[in-house]
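Listed below, chain by chain, are the residues.
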Amino acid sequence: MFARWTLTIAFALVVAAAIGAVASVFNPEAPLVTGLVFTAATLGPAGALGWFLFVSPKTVTPDPNAEDNVENTWLQKAAAGAFTDLLIVLAIALTVVSVTGRSPDAEILLLGAVVLAMGDVAIRYVLTARRER
Amino acid sequence: MRNSLPDRRAERGWSQAELAERLGVSRQTIISIEKGRFDPSLPLAFRLADEFGVAIEDLFDPER
């Protein structure tokens, strides 16, 4: 297990440093600061990915009955509804951008889409759980 | 779908949590099934029937 944790930490450091290096290449005005910020910001998620890849296969036992639970049904309903909502919002946004010819930054659009999708799933899940509890 | 789950569970003196543990599902799943708000999957329905030693049609009744 020690070896797996060591591998996880090494994986996280390498992945985060690689992302930081790529970010610094695309931001030549302040490459050092950019690289450090992106490395620090992605260290956590990279560590989580490393844990998922190297540690969890030995420490987490998959639930063979997971799909039989009512909570799984609630999540599926919430995800399906959120997907439809996201398609509608993106179609409306695309129409507005096409008509006006004005487009906000891609970062804002993508961040909005991600936040909308995650928030939508969460809200729909809570509402479905309350209704069908 | 109506079912006789609460009665059969009470006959055996099992709590919802105990039945859930026997079947490997959440307690909320048992609650929702008993209230008729969640139709179990076919494998879970078979496991439920097997747990009570009855046929599926004795446990669940869509017509009632």
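Before any of the text, the structure's been laid out above.
Now for a look at the structure at hand. Predicted model, so just to flag it, every value in this text is computed and none were measured.

1. Examining the overall build of chain A
What chain A contains, in helices and strands, is four helices and zero strands. Along chain A, from the amino end to the carboxyl end, the secondary structure elements read α-α-α-α. For chain A, the C-alpha radius of gyration of 20 Å lies well beyond 14 Å, the compact-globule estimate for 133 residues. Taken along the three principal axes of its C-alpha coordinates, chain A extends 50 × 45 × 15 Å. Across the 133 residues in chain A, those meeting the buried criterion constitute 21%. For chain A, the proportion of contacts with a sequence separation of at least 24, taken over those separated by at least 6, is 71%. Across chain A, the mean location of the 8 positive side-chain charges is 5 Å away from that of the 10 negative side-chain charges.

2. With respect to the side chain of A:Asp120
Residue and element names in this part refer to chain A. Among the secondary structure elements, Asp 120 is positioned in helix H4 (residues 106-132). Judged by relative accessible area, Asp 120 falls into the buried class, the value being 13%. Leave out the neighbours within four places in its chain, and Asp 120 touches Gly 81, Ala 82 and Asp 85.

3. Side note on the interface of chain B and chain A
Facing the 13 residues of chain B at the interface are eleven residues of chain A. With both chains or domains summed, chain B and chain A bury close to 960 Å², and 42% of this area falls on carbon and sulfur atoms. Looking only at chain B, the three residues that lose the most surface to chain A are B:Gln28, B:Arg37 and B:Phe38, adding up to 47% of its buried area. In this assembly, chain B and chain A are joined by one salt bridge. Here chain B and chain A share ten residue pairs in polar contact (both at pLDDT 80 or more) between them.

4. Considerations on the environment of A:Ala21
Residue and element names in this part refer to chain A. Among the secondary structure elements, Ala 21 is positioned in helix H1 (residues 2-25). On the basis of relative accessibility, which here comes to 40%, the residue Ala 21 falls in the partly exposed class. Between the C-alpha atom of Ala 21 and that of Val 70, which follows or precedes it by 49 residues, the distance is 45 Å.

5. Description of the layout of surface pockets
All names here are of chain A. Volume-wise, the largest pocket comes out at about 170 Å³. Taken together, Leu 86, Val 89, Leu 90, Ala 93, Leu 94, Val 97, Leu 109, Leu 110, Gly 112, Ala 113 and Leu 116 form the lining of the largest pocket. Residue assignment for the lining of the largest pocket shows that the elements contributing at least two residues are helix H3 (70-100) and H4. Per-element tally for the lining of the largest pocket: the top contributor is H3, with six residues.

6. Some thoughts on H3(A)
When the terminal C-alpha atoms of H3(A) are compared, their 45 Å separation across 31 residues agrees well with the 45 Å that a helix rising 1.5 Å per residue should span. Residues of H3(A) that are buried: A:Val70, A:Trp74, A:Ala78, A:Gly81, A:Ala82 and A:Leu86. Looking at the buried residues of H3(A), the elements they touch are H4 of chain A together with helix H3 (27-34) of chain B. Two residues or fewer past H3(A), A:Gly101 is found with a positive phi of approximately 75°.

7. What about the packing of H1(A) against helix H2 (residues 31-59) of chain A?
Residues and elements named next belong to chain A. The geometry of H1 relative to H2 is characterised by a closest axis approach of 6 Å and an angle of 150° between their N-to-C directions. One element, H1, and the other, H2, form an angle in the roughly antiparallel class. As for the relative orientation of H1 and H2, their crossing is right-handed in sense.

Conventions used here
- Every residue gets a number counted from 1 within its own chain, in the order that chain's sequence is written.
- For this description, chains carry letters from A and ligands carry numbers from 1, given in the order in which they are written.
- Note on the predicted model: pLDDT of at least 70 is required for a residue's local features to be given, and 80 or more for side-chain atom pairs to be given and counted; whole-chain, interface and lining totals, by contrast, use all residues.
- Each side-chain value is worked out from all heavy atoms of the structure, with water and hydrogens disregarded.
- In this text, helices come from DSSP runs of H or I with a minimum length of four residues, and strands from runs of E with a minimum of two, each type numbered from the N-terminal end.
- Here the globule rule reads 2.2 Å times residues to the power 0.38, and the radius of gyration is calculated from C-alpha atoms.
- Three exposure classes are used, based on accessible area relative to the maximum for each residue type with a 1.4 Å probe and protein chains only: buried under 20%, partly exposed in between, and exposed over 50%.
- By definition in these notes, contact holds between two residues if any of their heavy atoms fall within 4.5 Å.
- Positive: Lys, Arg. Negative: Asp, Glu. His and the chain ends are not part of the count.
- Note on charges: their place is set at NZ of Lys, CZ of Arg, CG of Asp or CD of Glu.
- Buried area adds together the accessible area that both of two parts lose upon being put together, with accessible area traced by a 1.4 Å probe.
- By definition, a salt bridge exists where a carboxyl oxygen of Asp or Glu is found within 4 Å of a side-chain nitrogen of Lys or Arg.
- As used in this structure description, the phrase polar contact means that two N or O atoms lie within 3.5 Å; if the pair is within protein, one of them must be able to donate a hydrogen and the other to accept it, and residues adjacent in sequence are counted only when both atoms belong to side chains.
- Put plainly, a pocket is an open set of points on a 1 Å grid over the protein atoms alone with protein on both sides within 12 Å along at least five of seven lines, a cavity is a set where a 1.4 Å probe fits but cannot get out, and a lining residue has an atom within 4 Å of a point.
- Grid points are joined across faces, edges and corners, and a volume is the space filled by probe spheres set on the points.
- One less than the residue count of a helix, multiplied by 1.5 Å, gives the span that helix is expected to have.
- Between N-to-C directions, angles cover 0 to 180 degrees, with each direction set by a line fitted to C-alpha atoms, over the stretch in contact for helices.
- An angle below 35 degrees is read as roughly parallel, one above 145 as roughly antiparallel, one from 65 to 115 as roughly perpendicular, and any other as oblique.
- In a left-handed crossing the near helix is turned counterclockwise from the far helix by less than a right angle, and in a right-handed crossing that turn is clockwise.

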